[in-house]
Amino acid sequence: NGGRMARFKPDFIFWLQRGDRYWIVFVDPKGLAHTDWMHKVEGYRSLFEQGGRPREWRHNGLTVQVLLRLYTDDVSKAPSEYRRYCADTIGGIFCVAGEKDTLRYSVAEGSSQRREW
């Protein structure tokens with residue numbers, strides 16, 4: 001739905017890849033600080049989840065998932081049903097589906113830099 005897509009505007013977008021797995025991670029650095037954060041999660045869920053799990057797409061031999069991370073000072077303060085969307089460390093933003101090391105990412109905010117982690 002085009003109207004739903006128009007209302008979903010993350011602050012940062014990161015692309016992560018390991019082998020044939022590819023993740024697009026939307027990051028909101030304001031996290032839980034604003035009252036509309038639940039609407040952002042619900043918008044993400046309606047577009048990118050199915051059955052409570054991130055949808056997967058196949059594209060050019062890659063399996064692609066879109067994830068959401070709300071950066072906050074303490075994940076434990078988030079309501080339990082929303083904690084999986086929250087991160088309180090930089091590493092938490094880039095931790096995807098059990099992958100914890102050496103993920104490549106590109107910064108979308110006007111930059112095409114590639115960095116190795």
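Structural data are supplied above this passage.
Visitor: Is there a simple way to explain the overall build of the protein in this structure?
Guide: The helix and strand tally for the protein stands at three helices and nine strands. Counting contacts in the protein only where the partners sit at least 6 residues apart, residues at least 24 apart contribute 53% of the total. Split by element, the accessible area of the protein, about 7100 Å² in all, is 51% carbon and sulfur.

Visitor: Would you explain the nonpolar core in this entry?
Guide: Across soluble globular proteins, you tend to see nonpolar side chains buried next to one another. By size, the foremost hydrophobic cluster in this structure holds 28 residues, and its most contacted members are Val 25, Val 41, Tyr 44 and Leu 68. Going through the elements one at a time, strand S1 (12–18), strand S2 (21–28), helix H2 (37–48), strand S6 (62–71), strand S7 (86–87) and helix H3 (90–94) are the ones with two or more residues in this core. Residues contacting Val 41, with those up to four places away along its chain left out, are Leu 68, Leu 70, Tyr 82 and Tyr 85.

Visitor: For this particular structure, what's the right way to read the side chain of Gln 17?
Guide: As for its position among the elements, Gln 17 is in strand S1. Among the polar contacts listed, one links the side chain of Gln 17 to the backbone oxygen of Gly 19, at a separation of 3.1 Å.

Visitor: Explain the pattern of salt bridges here, please?
Guide: Note that side chains of opposite charge can pair when their charged atoms are close. Enumeration according to the criterion identifies six salt bridges in this entry. A salt bridge links Glu 56 to Arg 21, with the nearest nitrogen and oxygen atoms 3.3 Å apart. Within this pair, whereas Glu 56 is found in the loop between strand S4 (53–54) and strand S5 (57–59), its partner Arg 21 is found in strand S2, the two being separated by 35 residues in sequence. For Arg 21, a relative accessible area of 22% puts it in the partly exposed group.

How each quantity is defined
Residues numbered from 1 in each chain as written. Predicted model: local features only at pLDDT ≥ 70, side-chain atom pairs only at ≥ 80, totals over all residues. Heavy atoms only, no water. Helix = DSSP H or I, 4+ residues; strand = E, 2+ residues; numbered from the N terminus. Contact = heavy atoms within 4.5 Å. Areas by Shrake-Rupley, 256 points an atom, 1.4 Å probe, with all protein chains shown as cover. Core = buried A, V, L, I, M, F, W, Y, C linked by side-chain atoms within 4.5 Å. Buried < 20%, exposed > 50% of the residue type's maximum accessible area, 1.4 Å probe, protein only. Polar contact = N/O pair within 3.5 Å; in protein donor to acceptor, adjacent residues only side chain to side chain. Salt bridge = Lys/Arg side-chain N within 4 Å of Asp/Glu carboxyl O.

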